[in-house]
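# Reading the structure
Take a look at the letters that make up each chain.
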Amino acid sequence: MVNIAIVGGGPAGVMAAIVAAENSKQQVNITIFEKGQVLKTILCTGNGRCNLANNTKNFKELASNYPRGEKFLYSIFSQFDATKTIKWFTGHGLKLYTQKDNRVFPITDDAHTVRDFFIKLLNKYKIKIKENCHIEKIEKNTNKFKIHTHNEVLNFDKVVIAAGGNHKSQSVYNLAKNLGHNITRLKPSLFALSLSDSNISKIAGVSIESASIGTYFDNKKVYSTQGDFIYTHKGVSGPAIFKTTGACAFLDFNRENPLILKINFLKNKNFDSLNDEIIELVKDNPKKNIINLIRQFVPAGVADYLFEKNSLNPDKKAAELSKKERNRIINMLVKSEFSAVAPVFDSEIVTAGGIDLKQVSSKTMESKICSRLYFCGEMLDIDGFTGGFNLQACWSTGYVAGMNL
Ligand SMILES: Cc1cc2nc3c(=O)[nH]c(=O)nc-3n(C[C@H](O)[C@H](O)[C@H](O)COP(=O)(O)OP(=O)(O)OC[C@H]3O[C@@H](n4cnc5c(N)ncnc54)[C@H](O)[C@@H]3O)c2cc1C
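Residues numbered from 1 in each chain as written. Predicted model: local features only at pLDDT ≥ 70, side-chain atom pairs only at ≥ 80, totals over all residues. Heavy atoms only, no water.

Before going further, it helps to examine unusual backbone geometry. One non-glycine residue, Asp-218, lies in positive phi territory at about 50°. When you line up the elements, Asp-218 lands in the loop between strand E13 (207-217) and strand E14 (220-231). Judged by relative accessible area, which is 42%, Asp-218 ranks as partly exposed. Phi is positive for Arg-372, which is not a glycine, with a value near 70°. Here Arg-372 lies in the loop between strand E18 (350-352) and strand E19 (373-375). (Helix = DSSP H or I, 4+ residues; strand = E, 2+ residues; numbered from the N terminus. Buried < 20%, exposed > 50% of the residue type's maximum accessible area, 1.4 Å probe, protein only.)

A few words now on the pattern of salt bridges. Under the counting rule described, the total for this entry stands at 15 salt bridges. Note that Lys-202 is salt-bridged to Glu-308, the shortest N-O span being 3.0 Å. With Lys-202 in the loop between strand E12 (192-195) and E13 and Glu-308 in helix H10 (residues 300-309), this pair connects stretches of sequence that are 106 residues apart. Look at Lys-202 and you get exposed, because its relative accessible area is 54%. Three or more residues joined by partner-sharing salt bridges are found here, namely Arg-185, Lys-187 and Asp-252. (Salt bridge = Lys/Arg side-chain N within 4 Å of Asp/Glu carboxyl O.)

Right, let's get into the sheet that holds strand E7 (residues 137-140). Across the sheet, three strands lie side by side as E7-E8-E9; this open sheet has antiparallel pairing. Either end of the sheet is taken by a strand with one partner, and the two such strands are E7 and strand E9 (153-156). Taking each pair of neighbouring strands and ignoring which way they run, the sheet shows an average axis angle of 25°. Two strands pair when backbone bridges link them, and E7 and strand E8 (residues 145-148) are joined in this way by four bridges, in the antiparallel orientation. Looking at E8, one finds that Lys-137 is bridged to His-148. (Pairing = 2+ DSSP bridges. Axes fitted to C-alpha atoms, helices over the stretch in contact; angles between N-to-C directions.)

Turning to the domain arrangement of the protein, a few remarks are in order. Segmenting the protein into domains produces domain 1 (2-187 + 350-404) and domain 2 (191-347). Between domain 1 and domain 2, the residue contacts involve nine residues of the former and eight residues of the latter. Surface buried jointly by domain 1 and domain 2 totals about 810 Å² across both partners, of which 62% is contributed by carbon and sulfur atoms. The interface formed by domain 1 and domain 2 holds two salt bridges in total. Between Lys-187 and Asp-252 there is a salt bridge; the shortest N-O distance is 2.8 Å. Taken together, domain 1 and domain 2 are joined by three residue pairs in polar contact (both at pLDDT 80 or more). A breakdown of the residues in the side of domain 1 that touches domain 2 according to their chemical character gives four nonpolar, two polar and three charged. (Domains from an automatic or database assignment. Contact = heavy atoms within 4.5 Å. Buried area = accessible area lost by both parts, 1.4 Å probe. Polar contact = N/O pair within 3.5 Å; in protein donor to acceptor, adjacent residues only side chain to side chain. Nonpolar A, V, L, I, M, F, W, Y, C, P; charged D, E, K, R; others polar.)

As a packed pair, helix H1 (residues 11-23) and helix H5 (residues 111-124) sit with axes 10 Å apart at the nearest point and diverge in direction by 40°. The interaxial crossing formed by H1 with H5 has left-handed handedness. Across the interface between the two elements, Val-14, Met-15 and Ile-18 from H1 touch Phe-118, Leu-121 and Leu-122 from H5. Along the lines of polarity and charge, the residues of the contact of H1 with H5 split into six nonpolar, no polar and no charged. (Left-handed = near helix turned anticlockwise from the far one by under 90°.)

Of all residues adjacent to the ligand, which total 32 residues, the nearest are Glu-34, Thr-41, Gly-46, Glu-378 and Leu-391. Measuring from an oxygen atom of the ligand, one finds a side-chain N or O atom of Thr-41 at 2.7 Å. In this structure, an oxygen atom belonging to the ligand sits 2.8 Å away from a main-chain N or O atom of Gly-46. Secondary structure elements with two or more residues in the shell around the ligand: H1 and helix H12 (389-404). Among the elements that make up the shell around the ligand, the one with the highest residue count is H12 (four residues). In terms of residue class, the shell around the ligand is built from 16 nonpolar, 12 polar and four charged. (Near = heavy atom within 4 Å.)

Written as structure tokens, this is what we have:
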């Protein structure tokens, strides 16, 4: 009988436990130690719908959605990619569907279904669950691991640490540190941005589809992406912004040294193509107020806001527009600059940084410096963009750890 301890009953730990129970050739006795309640963290995912994967077929393309951990995940996804994940869930009885944007959800659109699905499997395989049980320390001697709870010390042959991420405190990582592992710098990832311009609140709630966003820091271009975003009371949020903050998680921007976002509201147009278009429009509508022509390109509120921000007269007749004014209008549509001065933590947040991947085998998820110890999930120096990529990493690393336990 092999005794296995899983520290952390989140998605990654639970996946590792079930896969180990299902595939082990030897008899296994598995215990999950969870300081709170098992799978509580999954209930708030995807706004309660649980966006549990991203149906990207090619595993290298899938891995490109991880600002940290991309290369490590090649080996993991070559063993258990999105297609295999979806097959695994449906094969075990959880019905899923894929949205147009590749995000995968349970057919019920309810994260409780995913939790109930896993609880059933944990019961089926007689995996022991110790809830409200905080693991304070793990020690290893030649043959056994000693797991310290608040009131007892228990012996195990193998241990999986799947205690999740926490950018605010190192304490969760101490379990791994005490066994000789390095923890890379920790930062939050995937957050909204506060902009320097307080007038932005005038357009709160307005969303922009398919913009291009170039991000600059210290006068250097650091990232570019395309996608939707939304104005908030403080600044900007939404998929394209989360991608940007995911990629720029380790840049220490602030009011004195902000991130500069250069936004092209019209993804498929550039200065020259828009110049031609506006010249034509002006020719055809000389008596119209210029603002009415520009409102064809962006939502009315945004057009009004941009005219005010750039001190342009919205009521000027199109025919009276000077070349200089036309150039300024075009620039504000294809290269509008905004200063992002602070993160806003009101959304899905994951931890960038964690267990140093150099010390973990990407073939087995076993520690390279402490045999029979495995890691999986957000604890690792792996984090993805929004879209189901973070849970995908949990299933895949959990699966590989489980198969090799
Ligand atoms: C609001 C929100 C929405 C999200 N939505 C999505 C989404 O839709 N799709 C997606 O892909 N990702 C989403 N994420 C990210 C995703 O939830 C995480 O990446 C994922 O939960 C990480 O799983 P994990 O098992 O590694 O860690 P966790 O889910 O954090 O689980 C770790 C568990 O370990 C326990 N633990 C910690 N220390 C100890 C200890 N010493 N002893 C015992 N137990 C311990 C914790 O209590 C916890 O239950 C979201 C995150 C947030 C915050």
